[in-house]
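For reference, the chains in residue letters:
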Amino acid sequence: MRHFVSKAIESLPKLDEGQIKNLIDVLAEEVKDIELLENVISSLPYGVIVARSDHYIQFMNRQVRRMLPVLQHSLEKTKVWEAILDKEISAFVKDSLLDADSVKPRDFTLETLNRDITLAVGVMPVVSEGRIQGDFIYFEDVTDKRLEEARLRRAESLASMTTMAASVAHEIKNPLGSISIHLQLMQKTLQADRDDCRSDLEEYLTIISEEVERLNSIVVDYLFAVRPMDTHPVPMDINALIQELVTFVQYEVQEAGIQLQEKPDSGLPMLNLDENLMKQALLNIIKNAMAAMPGGGTLEISTFLKDNTVQIKIRDTGTGISKEMVSKIFEPYFTTKENGSGLGLTMVYKVIKEHGGEIRVHSREGEGTTFTILLPVPQTDKKLLAWDGE
Ligand SMILES: Nc1ncnc2c1ncn2[C@@H]1O[C@H](COP(=O)(O)OP(=O)(O)OP(=O)(O)O)[C@@H](O)[C@H]1O
Ligand SMILES: [Mg+2]
């Protein structure tokens, strides 16, 4: 098209009136096509940026501005990554455009006033006549999609309790085998009727009772994982509950070289909580955070009101959790620790669900992890809040 236009301009002085009119008609058709294309791109549910091969912006649709912070003016004089004001997304787009190898789309979390949104960002070259003519960058709001995926995975994992029974049966086999062997040894020892058999028998009995203990804890853990919880919620101040917990762990946290930062929002409504269960749940998250910072770090606990829910954010600067593992951490028996039960976060999940809440996790390997708990404000308090401004 460009070639055609420049040729037409060159020969313009030689054209007569009729030919010029024809040329304008052809161009008008082309412009219509382009307008149609722009309209289509504008009404896509995706954010789209098109750039030239030198990465200067040629076109940006409305959705981009809605989805993420971008420069509003002089876009045509700006390279794509300079127009994107979110540092991480900008760096990703720049790296992807300058290094053709890393073109896999990636998810980013943006904190907005109302909620955290997850954006999938992808970068593709625009190829025409076998050459890269420009860049195509797209943004998709995948917040609901990702939440739904995670919810499904968790539902599947809880529904797979029956399969879990198979692994429990397997766990039980070892101690049972060991008990049976030691009972046989005891029998033989008794049959031999030696004078010095007492110490052997005592040793066998010790082993048997240890194995019985192991069996017991397997069964207790299993029942805990599958049984519905019995909660007794009463109106409580979540900040006071957190304060008590903090006092409880303060010494241990200090010893571990961890700086504890509390950021409570003082104007929170009361919540209906089962004090003991909620304390245990928060303690599990705090213990995990501490375990993730063996060389010290920062543990931040903040509370705030957002979208009629009280939110508790527990952020650590620890090892983080890899993308592959983050979807598994709430599953029963998932652990990366030598002596971990893998039931800590299963318990947390159950407690939060029992309170009608939600739990989300955001983690970056090598940077840290943030757990966000969302708890509903009881109905009566909600009404009071709604009345407040009237
Ligand atoms: N804050 C965190 N930072 C890094 N990894 C974490 C964090 N929280 C949880 N994890 C990961 O999730 C896994 C599961 O946690 P969960 O609390 O369910 O079990 P656990 O801590 O391994 O065992 P237990 O709670 O019985 O001690 C952990 O083994 C760890 O790999
Ligand atoms: Mg744990």
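Please refer to the structure higher up on the page.
The shown structure was predicted, so the numbers you read here are calculated from the model rather than taken from an experiment. (Residues numbered from 1 in each chain as written. Chains lettered and ligands numbered in written order. Predicted model: local features only at pLDDT ≥ 70, side-chain atom pairs only at ≥ 80, totals over all residues.)

*Asks:* Before we go on, may I ask you to explain the overall build of the chain in this structure?
*Replies:* Secondary structure assignment for the chain yields 13 helices and twelve strands. A burial count over the chain gives 18% of its 390 residues as buried. (Helix = DSSP H or I, 4+ residues; strand = E, 2+ residues; numbered from the N terminus. Buried ≥ 20, exposed ≤ 12 C-beta atoms within 10 Å, placed from the backbone.)

*Asks:* For this particular structure, what's the right way to read the sheet that holds strand β3 (residues 106-111)?
*Replies:* Paired through their backbone hydrogen bonds, the strands of a sheet run either parallel or antiparallel. An order of β2-β1-β5-β4-β3 is seen for the five strands of this open sheet, with the pairing classed as antiparallel. The outermost strands of the open sheet, each flanked by one partner alone, are β2 (57-60) and β3. In this sheet, neighbouring strand axes are inclined to one another by 25° on average, regardless of whether the strands run parallel or antiparallel. Of the pairings in the sheet, the one linking strand β4 (residues 116-128) to strand β5 (residues 131-141) comprises ten bridges and is antiparallel in character. Each residue of the ladder has a partner; that of Val-127, found in β5, is Ile-132. (Pairing = 2+ DSSP bridges. Axes fitted to C-alpha atoms, helices over the stretch in contact; angles between N-to-C directions.)

*Asks:* What's the story with the sheet that holds strand β7 (residues 258-263) in this structure? I'm lost.
*Replies:* The five strands lie next to each other as β7-β9-β10-β12-β11, forming an open sheet whose pairing is mixed. Edge positions in the sheet fall to β7 and β11 (358-364), since each of these pairs with one other strand and no more. Shown here is a sheet whose adjacent strand axes are inclined to one another by a mean of 15°, direction ignored. Taken together, the eight bridges between strand β9 (residues 297-306) and strand β10 (residues 309-316) define a ladder with antiparallel strand orientation.

*Asks:* Looking at this structure, how should I read the environment of Gly-320?
*Replies:* Tracing the backbone shows Gly-320 in the loop between β10 and α11 (323-326). For Gly-320, a count of 18 C-beta atoms within 10 Å gives the class partly exposed. Separated by 47 residues in the primary sequence, Gly-320 and Glu-367 place their C-alpha atoms 5.9 Å from one another. Not counting the four nearest positions on each side in its chain, Gly-320 is found in contact with Ser-363, Arg-364, Glu-365, Gly-366, Glu-367, Gly-368 and Thr-369. (Contact = placed C-beta atoms within 7 Å.)

*Asks:* Whenever I open this one, the pairing of β9 confuses me. Can you help?
*Replies:* Along any regular strand the residues' side chains alternate between the sheet's two faces. Where β7 and β9 come together, six bridges link them in parallel fashion. Directly across from Glu-262, in β9, lies its bridge partner Ile-301. Turn length for the β9-β10 hairpin, with the two strands adjacent in sequence and antiparallel, is two residues, and the turn residue Asp-307 shows positive phi of about 50°.

*Asks:* Hey, could you run me through the site of ligand 1 in this one?
*Replies:* Among the 21 residues in the neighbourhood of ligand 1, the closest are listed as Asn-288, Ala-292, Thr-335, Gly-340 and Gly-344. Listed by contribution, the elements that provide at least two residues to the shell around ligand 1 are α10 (275-291) and α12 (344-354). Residues belonging to the shell around ligand 1 are distributed by class as follows: seven nonpolar, twelve polar and two charged. (Near = placed C-beta within 6 Å. Nonpolar A, V, L, I, M, F, W, Y, C, P; charged D, E, K, R; others polar.)

*Asks:* Hey, could you run me through the packing of α10 against α12 in this one?
*Replies:* The axes of two packed helices give the description: the angle between them and the distance between them. In the contact formed by α10 and α12, the axes pass within 9 Å of each other and the chain directions differ by 140°. With respect to α12, the element α10 is oriented oblique. Both α10 and α12 take part in a crossing whose hand is left-handed. Every residue of α12 that contacts α10 at Leu-277, Met-278, Gln-280, Ala-281, Asn-284, Ile-285 and Asn-288 is listed here: Gly-344, Leu-345, Met-347, Val-348, Val-351 and Ile-352. Its residues placed into classes, the contact of α10 with α12 shows nine nonpolar, four polar and no charged. (Parallel < 35°, antiparallel > 145°, perpendicular 65-115°, else oblique. Left-handed = near helix turned anticlockwise from the far one by under 90°.)

*Asks:* Could you clarify how one ought to interpret the pairing of β4 in this entry?
*Replies:* Sheet topology note: the β3/β4 ladder contains six bridges and is antiparallel. From the neighbouring strand, Leu-110 faces β4, where its bridge partner is Ile-117. Linking β3 back to β4 in an antiparallel pair, the connection comprises four residues.

*Asks:* Would you mind going over unusual backbone geometry with me for this structure?
*Replies:* The general pattern is negative phi for most residues beyond glycine and trans for most peptide bonds. Look at His-55: it is not a glycine, yet its phi comes out positive at around 70°. Of the residues examined, His-55 has 18 C-beta atoms within 10 Å and is grouped as partly exposed. Of note, Asp-193 is a non-glycine position whose phi angle comes to about 55°, a positive value. Checked against the element boundaries, Asp-193 lands in the loop between α7 (161-192) and α8 (197-226).

*Asks:* Any chance you could explain the nonpolar core here in plain terms?
*Replies:* A general trend in soluble globular proteins is that nonpolar side chains are found buried together. One finds Ala-281, Ile-285, Ala-289, Ile-314, Val-348 and Ile-352 to be the most contacted residues of the largest nonpolar core, which totals 32 residues. It is α10 that contributes the most residues to this core, eight residues altogether. (Core = buried A, V, L, I, M, F, W, Y, C linked by C-beta atoms within 7 Å.)

*Asks:* Can you walk me through α12 in this structure?
*Replies:* Since the α-helix packs 3.6 residues into each turn, any two residues three or four apart lie on the same face. Buried residues dominate α12, accounting for eight of its eleven residues. When α12 is considered as a whole, its buried residues turn out to be Gly-344, Leu-345, Thr-346, Val-348, Tyr-349, Lys-350, Val-351 and Ile-352. In the segment just after α12, Gly-356 is the residue with positive phi, at about 75°.

*Asks:* Looking at this structure, how should I read the packing of helix α9 (residues 238-255) against α10?
*Replies:* Here α9 crosses α10 at 35°, and the two axes come no closer than 10 Å. Here the hand of the crossing between α9 and α10 comes out right-handed. Every residue of α10 that contacts α9 at Leu-241, Ile-242, Leu-245, Val-249 and Val-253 is listed here: Glu-275, Met-278, Lys-279, Leu-282, Leu-283, Ile-286 and Met-290.

*Asks:* Any chance you could explain the environment of Glu-262 here in plain terms?
*Replies:* Structurally, Glu-262 is set in strand β7. With 52 residues separating them along the chain, Glu-262 and Ile-314 place their C-alpha atoms 9.6 Å apart. Residues contacting Glu-262, with those up to four places away along its chain left out, are Val-246 and Ile-301.

*Asks:* Would you mind going over the environment of Pro-235 with me for this structure?
*Replies:* Along the chain, Pro-235 falls in strand β6 (residues 234-236). For Pro-235, a count of 12 C-beta atoms within 10 Å gives the class exposed. With 34 residues separating them in the primary sequence, Pro-235 and Pro-269 have C-alpha atoms 9.5 Å apart. When residues no more than four places from it in sequence are discounted, the contact partners of Pro-235 are Met-270 and Asn-272.

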